[in-house]
Amino acid sequence: MAGLGTVKEGGRSTFLTIAGGFIWDRKADSSNPNYATQDFNRADGTVGTRAGARYADLTGDVSKVEFRTHPQYGENVNVTITANGENFILSISTNNRYSQDLMKALLKADLTKSLYIKPYDFVGRDKRRAMGLSFRQDGNKVDLRVEGAPSQDAEWFKTAGSKKIKRFFEDLNEWYVDEVQAKVVGQVEKPAS
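Figured I'd write up the structure that's included with this text.

**Considerations on the pairing of strand 7 (residues 86-93)**
Thought 1: Of all eight residues in strand 7, seven are buried, a share of seventy percent or more.
Thought 2: Where strand 1 (residues 14-19) and strand 7 come together, three bridges link them in parallel fashion. Counted as the bridge partner of Phe15 is Ile89 from strand 7.
Thought 3: In terms of strand pairing, strand 6 (residues 74-83) meets strand 7 through eight bridges, oriented antiparallel.

And the structure:
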């Protein structure tokens, strides 16, 4: 999906988000050939609709990584992807599965090479929801196993209780943010096109 939208004047970039198994340019209107809508269930039980240009994947070079905090929306990891002379800022809240996969890839992938990013979100045969990001480089899947990351075994999750599990994932997320800030931010600063 290189070349999503126009990025011409003044070095502006197209902001992208990930939701519902797709990459979205939410500022795109219905005149965009990739315009789509998607219903989703909110935490309060109501149904919402997201709209914009919808894409299955993104391929390009990681040219910048930074963390931003918004007073209303919280912390995001912003990854600038340069593709076909255009800049796309993939902005993902740091408190979800998509961001953990993205941060794992930033730690494991060769950021001097082009990176293929594909989100997924589906309910499997076991009736469990699977969501995340998959990555490829040179035609091979990027292994997202990060050595040294905090972990717990399956038994712990069976007995820990929701409060401890939530705290574990908050600590794990913080660990990934710290690792990416120490090892990636400032290391991949390439001139954006």
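From this point, things continue past the structure.
**Topic: the nonpolar core**
Thought 1: By size, the foremost hydrophobic cluster in this structure holds 40 residues, and its most contacted members are Val62, Val65, Leu106 and Phe135.
Thought 2: Counting residues per element, this core draws most heavily on helix 3 (residues 162-183), at six residues.

**What to know about the pattern of salt bridges**
Thought 1: By the definition in use, this model includes eight salt bridges.
Thought 2: Salt-bridge contacts for Lys113 lead to Asp138; the nearest nitrogen and oxygen are separated by 2.7 Å. With Lys113 in the loop between helix 1 (97-108) and strand 8 (115-123) and Asp138 in the loop between strand 9 (129-137) and strand 10 (140-141), this pair connects stretches of sequence that are 25 residues apart.
Thought 3: Lys113 sits in the partly exposed class, given a relative accessible area of 35%.
Thought 4: For Arg129, the salt bridge goes to Asp121, with nearest N and O atoms at 2.6 Å.
Thought 5: Connected through shared salt-bridge partners, Lys64, Glu66 and Arg68 make up one network.

The rules behind these values
- Residues numbered from 1 in each chain as written.
- Predicted model: local features only at pLDDT ≥ 70, side-chain atom pairs only at ≥ 80, totals over all residues.
- Heavy atoms only, no water.
- Buried < 20%, exposed > 50% of the residue type's maximum accessible area, 1.4 Å probe, protein only.
- Helix = DSSP H or I, 4+ residues; strand = E, 2+ residues; numbered from the N terminus.
- Pairing = 2+ DSSP bridges.
- Core = buried A, V, L, I, M, F, W, Y, C linked by side-chain atoms within 4.5 Å.
- Salt bridge = Lys/Arg side-chain N within 4 Å of Asp/Glu carboxyl O.

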